[in-house]
Structures are given as structure tokens and as C-alpha cells.
Amino acid sequence: MASPPDHYRTFTVAEDDDGIRLDRWFKRHLPEINFNLVSRWARTGMLKVDGERVVPGDRVATGQVLHVPPAEAAPAEGPEGRPTRSVEPLTEDEARFVQDMVIARGKDWIVLNKPPGLATQGGTKTVHHLDRLLDGLADEKGQRPKLVHRLDKDTSGVLLVARTARAAGHFAKAFSGRTARKVYWALVVGVPSVQEGVIDAPLAKQPGSGGEKMHVDEKDGLPARTRYRQIDRAGNRATWVELQPMTGRTHQLRAHMAAIGHPIVGDAKYGGAAAFLTGGISRKMHLHARRLRIDGTDGKAIDQTADLPDHFSETLATLGFEQLAGDMLPMDTPDPAKSLETKLKRVASAAKSARKARKGERRSRGEVAAAPVKKRALKPGEKPRGSAPGKALANKPGPGRRPPTKKK
């Protein structure tokens, strides 16, 4: 195994990073190195783990050694060669701001009430976001919580973060497997014709939107299902609804409500001018993650609710709605065996079994066709039927050949 050049940086994967993708490791610890650079290093063989070439999607394990090419400004290193995150420290106001979001804490989790207008993660033009503020919730060892799901920037409400890598993996699996149950409150324009129902409409990225907007696409869209129930209504003007996503597509709740003709109040992206109400109703988005129920790493249920933001609470009061009415509806208990993802896995498994069965049948037919013919032993005095192929050919007269004559 060739040793890396002396000017390369060496990092050891810590226990808290066990099992994460290599590109996620860079995003977590060397955020100044973008994905394109990581990909180029991997493609040219400059980036190695334990001396072996890797790709950005490979997962790293505790104790593995990363050999990273030098950058213009190498980050400072912490214990065990682990890089410290080169980010601007939080101000006192920012630290107090994120602390005030905390609803509840557990051994390996924290539940927050994200305010509207705060992005969950950063981007090219987004420098103020929750992921950065999580530094204000770091433990005594300096380990910061990790995001395991997200809410849209203008959506408020309950959001779970994990305090350890093990917990992050557990919760991420629960969200992707649909065993977590999320309840949203929304105010929509008009009144749905059905009191309670399921919107089953595949969603895909809308062409020309740069991936920033979704639309219903029966042909190429991914399966998307949303259950809704009316909580109360203000005549024909607006309806307060409870939404439960049964799948997790981007902007699913917003796109689905707009698709049935009842956009969420304040959602200009999907409802346009029709998404706003007059009469002093706030123009902010009226979509709130009210409640989250998910099993913790110890098997005990984490069940937390988040208070409404001021603008949503004021709108309910203006329209004469009683907030208690929303919490009186029972929460459905998810059955993993009936989830869409489980059904798709069953279909794939059944198809795979059918292919194996067909392959086995073809193999069996081939074995039967090639099976040798069993010969019966001749009885005393019994002559064999026919002659040996070679002998029959020799005795058979052919063109220009005289039949053999018998000796006298």
C-alpha cells in the first residue's frame, strides 16, 4: 500500500461518524470543500480511505483513515485528527434564539419548534439556517445535533434532531420507512367537497422550475399520498384541515392541496394570487407541523406537539376557530406492513421469486431432456431390438454399394 504524499491531510473517522457517506463526512467536517471537488478527487484517485480509492457514495467506518489532498486553507484539527468546523461562531442572540426553540430533550434527541421563515439547511444564497444554529445546542463534548428530516422554509412546527450518529441513523430509517407519524395543520382556501379523504396523486418536478416546484404527473411522477380531514370551516371562505403525509415527497402537502383546488393560505408558489384572503388575514404560509410521534432508540414513543406561530394563531381566532378542536381528532397509528414502501418491496420480492421459479423450471426441463434412457436387462434367449447404430449403418446399402453377400 503506497503512502500518501507528505502534504496530504490525514483524518481518522470518529465513532460518531460511523456509517455515514463520504460526501456527508465532508459536508459535516470540511464544509468549505464542495461536492464537485470531492468527486474530482475521488475520480482522479487523489482521495483515499485506508489507502484505497473511494467514491463519494461510499460509507466510512470508525477508525478508518482518510487521506485528503491539501486545500488552500487547511482547517484546524481537533482530537484524533478530527477537523474542527470552520464556521462563524454564533452570537449570543443566535444561541438564545435556538435554545428558545427547544420543546423537549431526551438522551439522544431534541425536539424543536421551528419558526416560519427559517430554512432548515443552507444553500448558495442561504446563510441563516437551522443547521448552522445547531451549534448552540452542542453537548459538553462539543458534539452538535444532527438533522434527520426537514421542513420547508415557510413551514413552522415540530422538528426532531438527533444527538448521536446512532440515533440519527435510527430516526432517518423511521422517517424513510414511514413508521413515524406527522400531523400538520393547514388553512386552505375554500371548502373541499369531501369531509375526509386521501389524495393519491403522483408528483414530479415541474419542467422549467429548476426543480423548485412540483406538479402532479400521472406518467412519470413518484407515488404520493396525503390524508386530510376537515377540522372546521369559515363558511365557504376557508377551511382548517389536518394533513397526514403517507409518503414524503418534496412540497407534497402544498402541491396536493393546490391540485384539488384548495391551496394553502399564503402559498403563492402553488396557489398564486388565489392563495391569499382579505379581511386582515396574514399573508404568511399557514402550514404548521403540529405533532410528531416516533419510536426512540429505546423503543419508547416520542410524542411531541408544537405551538402555533403567532400569525396562524391569530388567523384561527379571526375566523372564529377553537384551537382545541384540532387536537381532539385521533391520530392514526401507522401500520408498517400497509405502508406504500412495504407494498412496493413486496411486489419487487414477488417478481424476483417468480423469476427464480421460471429459471428453476427451465433448468428442470433441461435436466429431464438430458436424462439417460434406462436400459432393461435382456432375458435368456431374447434378442435385442434393432442393432447398434454403427452396425446398422455398415449393413445398410448406400448409393453405388452392393449389399453384402452371404458366404455359402
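Here's what I pulled together on the structure shown here. All values reported here derive from a predicted model rather than from experimental measurement.

**Examining the overall build of the chain**
The helix and strand inventory of the chain stands at eleven helices and 16 strands. Expressed as a percentage of contacts within the chain between residues at least 6 apart in sequence, the contacts between residues at least 24 apart total 64%. A total of about 24,200 Å² of accessible surface is found on the chain, and carbon and sulfur atoms cover 51% of it.

**A word on the packing of aromatic side chains**
Counted under the stated rule, the structure contains five aromatic pairs. Considering the side-chain rings of Trp25 and Phe26, the 5.3 Å spacing of their centres and the 80° angle between planes classify their relative orientation as edge-to-face. For the pair Trp25 and Phe26, a shared accessibility class is recorded, and that class is buried. For the pair Trp185 and Trp240, a centre-to-centre distance of 5.1 Å together with 85° between the ring planes defines the contact as edge-to-face. Here the residue Trp185 occupies a position in strand β9 (residues 181-189), and Trp240 occupies one in strand β14 (residues 238-245), the gap between them amounting to 55 residues. A residue is classified by how much of its surface remains accessible, and Trp240, at 0% relative accessible area, is buried. Within the aromatic cluster, the residues linked to one another by ring pairs are Phe11, Trp25, Phe26 and Trp41. A cation sits over an aromatic face here: Arg283 above Phe276, 3.9 Å from the ring centre.

**Some points on the pattern of salt bridges**
Under the defined criterion, the tally for this structure stands at 13 salt bridges. For Asp267, the salt bridge identified is with Arg254, shortest N-O distance 2.8 Å. Of this pair, Asp267 sits in the loop between α6 (252-259) and α7 (268-271) while Arg254 sits in helix α6, and the two are 13 residues apart along the sequence. Across this residue pair, the class does not change: Asp267 and Arg254 are buried. Residues joined in a network through salt bridges with shared partners are Arg150, Asp152, Arg254 and Asp267.

**A short note on the nonpolar core**
By size, the foremost hydrophobic cluster in this structure holds 44 residues, and its most contacted members are Leu130, Leu160, Phe171, Leu243 and Ile294. Elements with a contribution of two residues or more to this core: β6 (109-114), α4 (130-133), β8 (156-162), α5 (165-176), β9, β14, α6 and β15 (287-295). Contact partners of Leu160, with chain neighbours within four places excluded, come to Trp109, Ile110, Val111, Val148, His149, Phe171, Phe175, Leu292 and Ile294. If you look at the next biggest cluster of nonpolar residues, it comprises 17 residues, including Phe11, Leu22, Phe26 and Leu37.

**Here's the deal with the environment of Gly248**
Tracing the backbone through its elements, the reader meets Gly248 in the loop between β14 and α6. A relative accessible area of 49% means that Gly248 is categorised as partly exposed. As a C-alpha pair, Gly248 and Thr226 span 22 residues in sequence and 9.3 Å in three-dimensional space.

**Some words on helix α8 (residues 310-318)**
For α8, every residue scored as buried is listed here: His311, Phe312, Thr315 and Leu316. All buried residues of α8 fall inside an arc of 140° around its axis, so they share one side. In α8, the exposed positions that point more than 90 degrees away from the buried face belong to Asp310, Glu314, Ala317 and Thr318. Close packing links the buried residues of α8 with β9, β14 and β15.

**A few points about the side chain of His129**
Positionally, His129 belongs in the loop between β6 and α4. Classification of His129 as buried rests on a relative accessible area of 12%.

**Observations concerning the pairing of β6**
Counting buried residues along β6, five of its six residues qualify, which places the element largely inside the surrounding structure. The pairing of strand β5 (residues 102-105) with β6 spans three bridges and is classified as antiparallel. Along β6, the bridge assignment pairs Ala104 with Val111. Counting the residues between successive antiparallel strands, the hairpin from β5 to β6 contains three residues. As defined by bridge partners, β6 adjoins β8 across six bridges and the pair is classed as antiparallel. What sits directly across from Val111, in β8, is Leu160.

**Quick look at the pairing of strand β4 (residues 65-68)**
The sheet contact formed by strand β1 (residues 9-12) and β4 spans four bridges and is antiparallel. Bridged to Arg9 within β4 is Val68. Pairing between strand β2 (residues 48-49) and β4: two bridges, direction antiparallel. Looking at β4, one finds that Val49 is bridged to Leu66.

Rules used throughout
- Residues numbered from 1 in each chain as written.
- Predicted model: local features only at pLDDT ≥ 70, side-chain atom pairs only at ≥ 80, totals over all residues.
- Heavy atoms only, no water.
- Helix = DSSP H or I, 4+ residues; strand = E, 2+ residues; numbered from the N terminus.
- Contact = heavy atoms within 4.5 Å.
- Areas by Shrake-Rupley, 256 points an atom, 1.4 Å probe, with all protein chains shown as cover.
- Phe/Tyr/Trp six-rings, centres within 6.5 Å; stacked < 30°, edge-to-face > 60°.
- Buried < 20%, exposed > 50% of the residue type's maximum accessible area, 1.4 Å probe, protein only.
- Lys NZ or Arg CZ within 6 Å of the ring centre and 35° of its normal.
- Salt bridge = Lys/Arg side-chain N within 4 Å of Asp/Glu carboxyl O.
- Core = buried A, V, L, I, M, F, W, Y, C linked by side-chain atoms within 4.5 Å.
- Arc of directions from axis to C-beta.
- Pairing = 2+ DSSP bridges.

Note that all results are geometric; they support no functional claim without further evidence.
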